[in-house]
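Summary of the model geometry
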Amino acid sequence: MRMVSRLVRSLNRTEALVGVWRQGLAVLPRLVWNPWAQVILPPRPPKVLGLQVVFRGNTPSLWLSMSIVTVQLGQCGNQIGFEVFDALLSDSHSSQGLCSMRENEAYQASCKERFFSEEENGVPIARAVLVDMEPKVINQTLSKAAQSGQWKYGQHACFCQKQGSGNNWAYGYSVHGPRHEESIMNIIRKEVEKCDSFSGFFIIMSMAGGTGSGLGAFVTQNLEDQYSNSLKMNQIIWPYGTGEVIVQNYNSILTLSHLYRSSDALLLHENDAIHKICAKLMNIKQISFSDINQVLAHQLGSVFQPTYSAESSFHYRRNPLGIDRHVRPPLSGLPPLSKMSLNKDLHFNTSIANLVILRGKDVQSADVEGFKDPALYTSWLKPVNAFNVWKTQRAFSKYEKSAVLVSNSQFLVKPLDMIVGKAWNMFASKAYIHQYTKFGIEEEDFLDSFTSLEQVVASYCNL
Amino acid sequence: MTQSVVVQVGQCGNQIGCCFWDLALREHAAVNQKGIYDEAISSFFRNVDTRVVGDGGSISKGKICSLKARAVLIDMEEGVVNEILQGPLRDVFDTKQLITDISGSGNNWAVGHKVFGSLYQDQILEKFRKSAEHCDCLQCFFIIHSMGGGTGSGLGTFLLKVLEDEFPEVYRFVTSIYPSGEDDVITSPYNSILAMKELNEHADCVLPIDNQSLFDIISKIDLMVNSGKLGTTVKPKSLVTSSSGALKKRHKKPFDAMNNIVANLLLNLTSSARFEGSLNMDLNEISMNLVPFPQLHYLVSSLTPLYTLTDVNIPPRRLKPSLQFVSWNQEGWKTSLCSVPPVGHSHSLLALANNTCVKPTFMELKERFMRLYKKKAHLHHYLQVEGMEESCFTEAVSSLSALIQEYDQLDATKNMPVQDLPRLSIAM
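It should be emphasised that the depicted structure is a prediction, and the values quoted were computed from it without experimental measurement.

1. Remarks on the pairing of strand β4 (residues 67-73) of chain A
Strand residues, when the strand is regular, have side chains that alternate between the two faces of the sheet. Residues and elements named next belong to chain A. Most of β4 is tucked away: seven of the seven residues are buried. Residues S67, V69, V71 and L73 of β4 are buried on one face, and the alternating residues I68, T70 and Q72, pointing to the opposite face, are buried as well. Two strands pair when backbone bridges link them, and β4 and strand β10 (residues 198-206) are joined in this way by six bridges, in the parallel orientation. Bridge pairing in β10 links T70 to F202. For β4 and strand β7 (residues 128-132), the ladder comprises four bridges, and the chain directions are parallel. Across the sheet, L73 pairs through a bridge with V131, a residue of β7.

See below:
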């Protein structure tokens, strides 16, 4: 495995610095910028992902998997976290499809090691930490897991308070954060210590509320301080355009701008998009949050379950988290795919990186050449450096064939621009600001966030 | 889970409060089949072992022994409270949580606020502290009162200041009954305006309720029930005005039906905080989302269904209001989903709106006030109370005028086109 790091300066001499690291088997382009001065930031040292693991030969049974600790924050984070673990485990238990039994066993072992730790009576315990500022959702989540009989959460893996954050980002970040920092970080540390080889964090949160967003930003910052060498990936739920929380745009911009500084990858899912999937593709009549969460969990499961990478086809990729920054998986392989159809429009959203994960029948012969079209990528990247494909013959969750696309591209621009625009209009009228200044988030903090995000939008537009 | 304390002040406040506790017991009885004292019940009730003398009787878990309402009952004349204590709800109230007097406030805000305020300040504070001590995590005080009288209006608003000083982090939700045009209390405009100044300054959220609207709702329901239209039959238990199944007997009193509506409103408001759902909403979220500026905290409420027809068409979840919103908050609505329906219904909807439609109500109130004030009618009743001066009146009116002006400014933007403001530009 080689580790090559290259600095690529963008062609129009922007302040945006793009570093391309090649870490073993994953490509991790990052968009790094400095909004304040004409200073070029040096590239951060490449995250060492799984390279500490000793290469123990080719046979699957000797190979060591790396573990992910999931942190579920707020109502949304906890509800989704439950569905994700459920989906992962039920896929792991599902029939082996077309692959061999030995292959299946390696798959199951890898999945188990990544996301679960084993208990004495054989019930796997999720490697998760549940955090919420009021008890109802956590109680529900714990009991649903226990009721399934297949898996459960750890007994001491929760942190809960009595009164929520009131949809107030400032309350989650400035009040709950410092107040409960020590307790929450302790629980996380205990969970990390349980891992034989720890890979990184998967943090599930929403942007619109108070706990997931505010406390989530605070916790991610702390994780960056204390575990700077480990990967942190945040799964962020982009709220419905309307009707969830009135101050959701404020909470969203504050969350994103803070996470930009401390997270390594932001995996985004829009409630509106998943709602459309439920309505149009799945024909569900009365769509509940449970439906939405299950679709989301399915998508995440098909990203995180073990796969082989192109270079090493003998054992499952060690590191499940080698995924690009600011990623949005826009497609999911819900119906069985007959071919890889590419959008024939003239205007592609320009990508920095794309990752395709194929599972099931005929993976070796699947044609992914369309993804290597240079028109998809920005001019300063060669497709061979920006595109990756991972495969496994083991089918995912009853689907004979499935595919997932994880993409770092301009898909982000429109929704982000919209949120920033709405938040800006509201900010100009100073509405609701007193609710934030009450807890220490001042107008300057808002302005900083706006600046950061406008930079992101501009940087992506310039691809 | 958090707890809330209900403070009922004056005749109106106590009568509504009584309806509220009645319905709350009915609702929890329907949901809590096993008689276990759980988090939902603990939000409004304490579990007490009545055999223990003194304060130590609280039981935090296990079977329900005896439920005591987390309430403080205040009235300056004894009639109403005595009736409550002799009625079927007598065991629900803790006799130590009462403050009563004999003479009443004579429909005089000044007497309620200044005289009884200073007389009972220490006692009031002590009762509040006691009720707060019984709470694990106190989130909210619900104050129920009327604006037109003397006790509810005067003393009710006096204790807002006390609560603000003593418990600054606890929300103060005030349910205020505004007098109708034909109110029989002549000085109700004075009382209302003087009370409004206090509400402007010391309440977190106010739910103004208009007696006239409640009358209209009752007539509408009566019409529906009695008309016997073809194909429509109303489920009797489902009337929002009904108290069937509750402890009280069939009501003959005129205000009972109206009070039930208000009680239902309060129950629905707190349902998401008490019971679980797929998108919870706590009480602090109400204030966060619906109060964009500290002064504009008046929330208009609407409740549906008022009655349930035997066959019902449940609307889809993604409601899209066709209301006119302010330019900077075009999609300013928040949804909350609670899985436990109210008793007698399969579903219900409560809408809270921060809407400039409260402006006409306030303007009308101001007009009625000015008609009396210009003639200095009945003013001497107020001025002879120690601590009252004419400046109290003028300050109160200017406070209301300022509020009306803020609503005016928002209304002025109504028909202007929505313009996106220029954004920050980034040097690249």
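We are not done yet, so read on.
2. Here's the deal with the interface of chain B and chain A
Interface size is commonly expressed as the accessible area that is lost once the parts come together. Contacts between the two partners involve 45 residues from chain B and, on the opposite side, 48 residues from chain A. Regarding the contact of chain B and chain A, the summed buried area is about 4,300 Å², with carbon and sulfur atoms giving 53% of it. Between the two partners, chain B and chain A, sit one salt bridge. A salt bridge links K162 of chain A to D136 of chain B; the nearest nitrogen and oxygen atoms lie 3.8 Å apart. Applying the counting criterion to the chain B and chain A interface returns nine residue pairs in polar contact (both at pLDDT 80 or more).

3. Comments concerning the sheet that holds β10 of chain A
Neighbouring strands of a sheet are bound in pairs by backbone hydrogen bonds; such pairs are parallel or else antiparallel. Residue and element names in this part refer to chain A. If you walk across this open sheet you meet the six strands as β9-β7-β4-β10-β11-β12, and the pairing is parallel. Whereas interior strands pair on both sides, the edge strands pair on one side only; in this sheet they are β9 (158-160) and β12 (265-270). Averaged over all pairs of adjacent strands, the angle between their axes in this sheet comes to 15 degrees, without regard to strand direction. Each of β10, β11 (231-238) and β12 is contacted by helix α6 (residues 248-262), which is oriented at about 165 degrees to β11, the strand it contacts most.

4. Let's talk about the environment of E181 of chain A
Residue and element names in this part refer to chain A. Along the polypeptide, E181 turns up in helix α4 (residues 169-193). With a relative accessible area of 30%, E181 lands in the partly exposed category. Between the C-alpha atoms of E181 and V219, which are 38 residues apart in sequence, the distance is 7.7 Å. Leaving out residues up to four positions away in the same chain, E181 has contacts with F218 and N222. Side chain to side chain, E181 and N222 meet in a polar contact 2.9 Å long.

5. A few points about helix α4 (residues 109-133) of chain B
In an α-helix, one turn spans 3.6 residues, which is why side chains three or four residues apart end up on the same side. Residues and elements named next belong to chain B. Counted at 1.5 Å a residue, the expected span for α4 with its 25 residues is 36 Å, but the 30 Å between its end C-alpha atoms falls short. Largest kink in α4: about 60 degrees, centred on G117. Where α4 begins, the side chain of N108 points an oxygen toward the backbone nitrogen of A110, at a separation of 2.9 Å.

6. Thoughts on the side chain of D282 of chain B
As for its position among the elements, D282 of chain B is in the loop between α8 (256-274) and α9 (283-290). This buried residue, D282 of chain B, is left without a salt bridge; K136 of chain A holds the nearest opposite charge, at 5.3 Å. Ignoring anything within four residues of it in the chain, the contact list for D282 of chain B reads G164 of chain A together with T2, Q139 and A273 of chain B.

Rules of the game
Residues numbered from 1 in each chain as written. Chains lettered and ligands numbered in written order. Predicted model: local features only at pLDDT ≥ 70, side-chain atom pairs only at ≥ 80, totals over all residues. Heavy atoms only, no water. Buried < 20%, exposed > 50% of the residue type's maximum accessible area, 1.4 Å probe, protein only. Helix = DSSP H or I, 4+ residues; strand = E, 2+ residues; numbered from the N terminus. Pairing = 2+ DSSP bridges. Contact = heavy atoms within 4.5 Å. Buried area = accessible area lost by both parts, 1.4 Å probe. Salt bridge = Lys/Arg side-chain N within 4 Å of Asp/Glu carboxyl O. Polar contact = N/O pair within 3.5 Å; in protein donor to acceptor, adjacent residues only side chain to side chain. Axes fitted to C-alpha atoms, helices over the stretch in contact; angles between N-to-C directions. Expected span 1.5 Å × (residues − 1). Bend = angle between axes of the 7 residues up to and from the residue. Lys, Arg positive; Asp, Glu negative; His and termini not counted.

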